[in-house]
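Architecture at a glance
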Amino acid sequence: MGKEPVTEQFFIDKLTEAKDHFERALDCKHTEFDDLYPYMIEHPQFFWYKRYVAWSELLTIKGLCEELSFPWREKFTTNQVEYLEQRVMSAKVLDFWFEKNEALI
């Protein structure tokens, strides 16, 4: 028996996991990345690198969903979609991803 073909739901599930991973990295919460590099936790740059890796993962899966015409935008707010389409993990992304700080602008 062969494997089932990869479905749209598989990619949407992976997108949701990547979003959660990025959000946990933003909040400096534990991710599987911490388990891969436990000796790095003491380095101040670790959390920036961890966020970069999570952002890259999110962009990659978003790009695959887009290429396959799977509806990825529904999982994000309007501003988050804009950040993902711009691709750059700017200070704005870090500060306003959760949108709770937007009232401060």
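A quick note: this is a predicted structure, and the numbers were derived from the prediction, not measured.

1. A closer look at helix H1 (residues 8–26)
Each turn of an α-helix holds 3.6 residues, which means side chains three or four residues apart point in the same direction. Its 19 residues place the ends of H1 27 Å apart at the C-alpha level, agreeing with the 27 Å of an ideal helix rising 1.5 Å per residue. For H1, the set of buried residues is Phe11, Ile12, Leu15, Ala18, Lys19, His21, Phe22, Glu23, Ala25 and Leu26. Summarising the contacts, the buried residues of H1 are in contact with helix H2 (32–36), helix H3 (46–67), helix H4 (78–86) and helix H5 (91–96). Just beyond H1, the residue with positive phi is Cys28, at close to 60°.

2. Section: the layout of surface pockets
The method is simple in principle: a probe with the dimensions of a water molecule rolls over the atoms, and the space it marks as empty is what remains. Roughly 230 Å³ of internal volume is contained in the largest pocket. Surrounding the largest pocket, 13 residues form its lining, Glu17, His21, Thr31, Glu32 and Glu57 being those nearest its centre. Among the elements of the structure, H1, H2 and H3 are those that each provide at least two residues to the lining of the largest pocket. With six residues, the single largest contributor to the lining of the largest pocket is H1. Across the lining of the largest pocket, the residue classes break down as four nonpolar, three polar and six charged.

3. Comments concerning the packing of H1 against H3
At a minimum axis distance of 9 Å, the contact between H1 and H3 shows a crossing angle of 160°. Between H1 and H3, the angle is such that the two are roughly antiparallel. Classified by chirality, the crossing of H3 by H1 is left-handed. Residues Phe11, Ile12, Lys14, Leu15, Ala18, Lys19, His21, Phe22, Ala25 and Leu26 of H1 touch H3, and the partners they reach there are Lys50, Arg51, Ala54, Trp55, Glu57, Leu58, Ile61, Lys62, Leu64 and Cys65. Looking at side-chain class alone, the contact of H1 with H3 contains 13 nonpolar, one polar and six charged residues.

Calculation notes
Residues numbered from 1 in each chain as written. Predicted model: local features only at pLDDT ≥ 70, side-chain atom pairs only at ≥ 80, totals over all residues. Heavy atoms only, no water. Helix = DSSP H or I, 4+ residues; strand = E, 2+ residues; numbered from the N terminus. Expected span 1.5 Å × (residues − 1). Buried < 20%, exposed > 50% of the residue type's maximum accessible area, 1.4 Å probe, protein only. Contact = heavy atoms within 4.5 Å. 1 Å grid on protein atoms, 1.4 Å probe; cavity = no way out; pocket = protein on both sides within 12 Å on 5 of 7 lines; lining within 4 Å. Points joined across faces, edges and corners; volume = space filled by probe spheres on them. Nonpolar A, V, L, I, M, F, W, Y, C, P; charged D, E, K, R; others polar. Axes fitted to C-alpha atoms, helices over the stretch in contact; angles between N-to-C directions. Parallel < 35°, antiparallel > 145°, perpendicular 65-115°, else oblique. Left-handed = near helix turned anticlockwise from the far one by under 90°.

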